[in-house]
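Chain by chain, the residues:
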Amino acid sequence: MKTKTKMILSGLATYVPGLSKRGGTGTGGSVSARYCYSVWLRHLVVAGQAGITRCPEAVAELGPGDSLGAGLAALLSGASRYIALDVIRHADVSRNIEVLDELVELFRARADIPGEAEYPDVKPYLDDYSFPGEMIDEETLARSLEPDRLAAIRRCLRSADGGSDSPDADAPVVYRVPWFDASVLQPESVDLVFSQAVMEYVDDLPFTYRAIYDWLKPGGLASHQIDYKCDQTADRWNGHWAYSRPVWHLANRKRLMRLNRKAHSDHVRAQQAAGFWIIGERPIEDGSGLGRDELAPEFSHLTDEDLRTSGAHILAMKPP
Ligand SMILES: C[S@@+](CC[C@H](N)C(=O)[O-])C[C@H]1O[C@@H](n2cnc3c(N)ncnc32)[C@H](O)[C@@H]1O
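The present account deals with the structure reproduced in this document. (Residues numbered from 1 in each chain as written. Predicted model: local features only at pLDDT ≥ 70, side-chain atom pairs only at ≥ 80, totals over all residues.)

### Looking at the environment of Tyr201
Then, in step 1: Note that Tyr201 resides in the loop between strand S4 (190–196) and helix H8 (205–215).
Then, in step 2: Distance from Tyr201 to Leu259, taken between C-alpha atoms, is 4.6 Å for residues 58 residues apart in sequence.
Then, in step 3: Not counting residues within four places of it along the chain, the set of residues in contact with Tyr201 comprises Met257, Arg258, Leu259 and Asn260. (Helix = DSSP H or I, 4+ residues; strand = E, 2+ residues; numbered from the N terminus. Contact = placed C-beta atoms within 7 Å.)

### Considering the sheet that holds strand S5 (residues 216–227)
Then, in step 1: Spatially, the seven strands line up as an open sheet ordered S3-S2-S1-S4-S5-S7-S6, and their pairing is mixed. Two strands lie at the open edges of the sheet, namely strand S3 (173–176) and strand S6 (277–285), each paired on one side alone. The sheet shows a mean angle of 15° between the axes of neighbouring strands, direction not considered.
Then, in step 2: Pairing between strand S1 (residues 58–62) and strand S2 (residues 81–85): five bridges, direction parallel. Note on S2: the bridge partner recorded for Val59 is Tyr82. (Pairing = 2+ DSSP bridges. Axes fitted to C-alpha atoms, helices over the stretch in contact; angles between N-to-C directions.)

### Regarding unusual backbone geometry
Then, in step 1: A cis geometry characterises the amide bond from Lys123 onward to Pro124, with omega recorded as 0°.
Then, in step 2: Here Pro124 shows up in the loop between helix H4 (93–108) and helix H5 (138–144).
Then, in step 3: For the bond running from Val177 to Pro178, omega is -15°, close enough to zero to count as cis.
Then, in step 4: Position of Pro178 among the secondary structure elements: in the loop between S3 and S4.
Then, in step 5: Look at Ala197: it is not a glycine, yet its phi comes out positive at around 60°.
Then, in step 6: Within the secondary structure layout, Ala197 lies in the loop between S4 and H8.

### Considerations on the packing of H8 against helix H10 (residues 264–274)
Packed helices, taken two at a time, are described by the angle between their axes plus the distance between the axes.
Then, in step 1: Where H8 contacts H10, the two axes come as close as 8 Å, and the packing angle between them is 50°. By the angle class used here, H8 and H10 are oblique. Crossing angle aside, the handedness with which H8 passes H10 is right-handed. Across the interface between the two elements, Leu205, Pro206, Tyr209, Arg210 and Tyr213 from H8 touch Asp266, His267, Ala270, Gln271, Ala273 and Ala274 from H10.
Then, in step 2: In terms of residue class, the contact of H8 with H10 is made up of seven nonpolar, two polar and two charged. (Parallel < 35°, antiparallel > 145°, perpendicular 65-115°, else oblique. Left-handed = near helix turned anticlockwise from the far one by under 90°. Nonpolar A, V, L, I, M, F, W, Y, C, P; charged D, E, K, R; others polar.)

### Quick notes on the nonpolar core
Then, in step 1: Counting residues in hydrophobic clusters, the biggest one holds 83 residues, and the most contacted among them are Cys36, Ala73, Leu103, Val190 and Val193.
Then, in step 2: No other element matches helix H2 (residues 33–49), which puts 10 residues into this core.
Then, in step 3: With residues near it in sequence (within four places) discarded, Val193 still touches Ala60, Leu62, Ile212, Trp215, Leu216 and Ala222. (Core = buried A, V, L, I, M, F, W, Y, C linked by C-beta atoms within 7 Å. Buried ≥ 20, exposed ≤ 12 C-beta atoms within 10 Å, placed from the backbone.)

### Description of the environment of Phe107
Then, in step 1: Mapped onto the secondary structure, Phe107 falls in helix H4.
Then, in step 2: You can call Phe107 partly exposed: it has 19 C-beta atoms within 10 Å.
Then, in step 3: Between the alpha carbons of Phe107 and Ala73 there is a distance of 8.4 Å; along the sequence they are 34 residues apart.

Shown next, in the form of structure tokens:
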């Protein structure tokens, strides 16, 4: 009962400016260029371990948050197009340009990927945080850092509200907010879709994984880092699975971003149902969560693995 009261108060706290971590004044880390550089290069390195040798051509991101920096890092790694899809317009032109300028310096320096010492909570973890020079070779870097190309990216960020709804289909950056319809992107038009700390907020997972599947070219990759934790709504990391649906709804009814409370097996199942092959899973284990006897009835389907998996990176492929 004490925990439920705490959660309801925590839900109410989202109305008080300054108290909410995710109440609309900031989404996480993408305000920082180093964070964006780290996140993008981790997705790229993990995709490299699954067999890709170069940065994919067309990259889309779900939920970029406070800046488009992770996708801008993709453009500087050799991608030619980046499409950002969000449900709330968190990013703005001046922050995007600032982040781009800092990213250019990081790529010019071939800086190592900021790792666990700087970002202990950012996943996926890598064995090696050196700059992935074999995937982003000198020629690619020289091309992507050319002054004309950087000017084109800056122009695009400034135009049409920061890249959104750009009339030019070949624009390097497109920022579509809100997106609710899979037709926002052409079928089979992108090579990689990635997300960082987003899929735990998506209401309709079957629809969203299906849309991602449709946008990808055959053989394309989906790379998602997902956090299954309760985001401070309970004392234990998976305490949100103890609340009945009405209690959860009451506590969260005015949150801008509400956790979907899905577990690892739910995400894997939804992606497989969309047609994906799961080609890599990097679960984060935490044995300190609730036991089976403490779950609300709607979570009785969770597996033992779900009960100890507090987050995961999932790499999936659309069959070639
Ligand atoms: C916790 S923030 C993470 C932001 C950023 N990826 C980062 O790592 O800092 C979650 C983001 O997901 C977005 N989001 C929530 N539901 C979404 C959906 N269905 N499609 C796209 N983005 C969504 C939110 O608006 C927000 O930008």
